[in-house]
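So you can see what is in the structure, the chains are spelled out below.
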Amino acid sequence: SVNTQARYYSEVGSVIGSGALPPKVGETTSYRVYWNLNNSLHTLETVRMTTTLPQDVAWLESTDTDIGTVSYNSTTRQITWTIPKLLAELGHAGAWFDITISPDSGDVGRFMKLTSTTSFEARDSSTSESLSESLTELTTELPDDEFALGKGVVTN
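Residues numbered from 1 in each chain as written. Predicted model: local features only at pLDDT ≥ 70, side-chain atom pairs only at ≥ 80, totals over all residues. Heavy atoms only, no water.

So, on to the packing of aromatic side chains. Going through the model one piece at a time under the given rule, you end up with 6 aromatic pairs. With 5.2 Å between their ring centres and 80° between their planes, Trp35 and Phe97 make a pair best called edge-to-face. Taken together, the positions of Trp35 in strand 3 (residues 29–38) and Phe97 in strand 8 (residues 92–101) put the pair 62 residues apart, joining distant regions of the chain. With respect to burial, Trp35 and Phe97 carry one shared label: buried. Clustering of aromatic rings is evident, with ring pairs tying together Tyr8, Tyr9, Tyr31 and Phe147. (Phe/Tyr/Trp six-rings, centres within 6.5 Å; stacked < 30°, edge-to-face > 60°. Helix = DSSP H or I, 4+ residues; strand = E, 2+ residues; numbered from the N terminus. Buried < 20%, exposed > 50% of the residue type's maximum accessible area, 1.4 Å probe, protein only.)

The next subject is the nonpolar core. Leu37 and Trp81 are the most contacted members of the largest nonpolar core, which totals 34 residues. Counting only elements with at least two residues in this core, the list comes to strand 1 (2–7), strand 3, strand 4 (44–52), strand 5 (57–65), strand 7 (78–86), strand 8 and strand 10 (118–124). It is strand 8 that provides the largest number of residues to this core, a total of 5 residues. Setting aside chain neighbours within four positions, we find Leu37 in contact with Ser1, Val2, Val47, Met49, Trp81, Ile83, Leu86, Gly91, His92, Ala93 and Phe120. (Core = buried A, V, L, I, M, F, W, Y, C linked by side-chain atoms within 4.5 Å. Contact = heavy atoms within 4.5 Å.)

Peptide bonds are mostly trans, and most non-glycine residues show a negative phi. Cis geometry marks the peptide bond from Leu21 to Pro22; its omega dihedral reads 5°. Considering the arrangement of structural elements, one finds Pro22 in the loop between strand 2 (18–19) and strand 3. Although it is not a glycine, Thr46 adopts a positive phi angle of roughly 45°. Considering the arrangement of structural elements, one finds Thr46 in strand 4.

Looking now at the pairing of strand 4. With 8 bridges joining them, strand 4 and strand 7 adopt antiparallel strand pairing. Looking at the pairing, Leu44 lines up with Leu86 of strand 7. Relative to strand 10, strand 4 runs antiparallel, the two being bridged by 5 bridges. Looking at the pairing, Met49 lines up with Phe120 of strand 10. (Pairing = 2+ DSSP bridges.)

As a further point, take the side chain of Asp98. Summarising the element assignment, Asp98 is placed in strand 8. Sequence-distant contacts of Asp98, defined by excluding residues within four places in its chain, comprise Tyr31, Arg32, Ala58, Trp59, Leu60 and Ser62.

Taken together, the 5 strands give an open sheet; going across it, the order is 6-7-4-10-11, and neighbouring strands pair in antiparallel fashion. In this open sheet, the two edge strands, each paired with only one partner strand, are strand 6 (69–73) and strand 11 (130–135). The sheet shows a mean angle of 15° between the axes of neighbouring strands, direction not considered. (Axes fitted to C-alpha atoms, helices over the stretch in contact; angles between N-to-C directions.)

What follows deals with the pattern of salt bridges. By the definition in use, this model includes 5 salt bridges. Of the charged contacts, one joins Asp145 and Arg7 as a salt bridge, the two residues approaching to 4.0 Å between their closest N and O atoms. One end of the pair, Asp145, is in the segment after strand 12 (138–139); the other, Arg7, is in strand 1, and 138 residues separate them in sequence. Relative accessible area serves as the criterion here: at 0%, Asp145 is assigned to the buried category. (Salt bridge = Lys/Arg side-chain N within 4 Å of Asp/Glu carboxyl O.)

Next comes the structure, spelled out in C-alpha cells:
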C-alpha cells in the first residue's frame, strides 16, 4: 500500500510546520509532506514516487528517507523518491520533504493546493508485474492532521 499526507503537526501534536495556521495572506507557512510504502509480499524494484509542486509552493531543501533518494528538479518542479530495491522483509519505507506557501489575496477563503497528484510505480520482482497507483493532490485542508483540522482555509 502507498499513501501520502501533508501535516503541520506530528501525530503526537508537536509542531513540525511553521508560520501562520490557518495560512494568512502575506505570511509564509511551511508543511511537511510524508510518503509511505507498506510492502510485505514480494520485493519491489525500480520504485518511484513523483509529484509536481504548484507554482505558488516553494521547495525547502529539507528531506529525509528510510531508503532511497528524494530529489527535486527546480526546472520541472518535480519531486521524486527513487528506491532501486525495496525488500519485502523491510515491510515499511517512508520519506518526507518540507514545502512552504505564501498566500495572496486571491487565495482567501479557500484551501491552497500543496502538491499535484502523486504517482507510484514499481515492479514486483517475483511476478515481474508493473505496479502503479495515483494518489490525490494534497491541500492545506490536512485531513490526516487531527491537530490542524479546520485550520486550512486561507485568511486575511
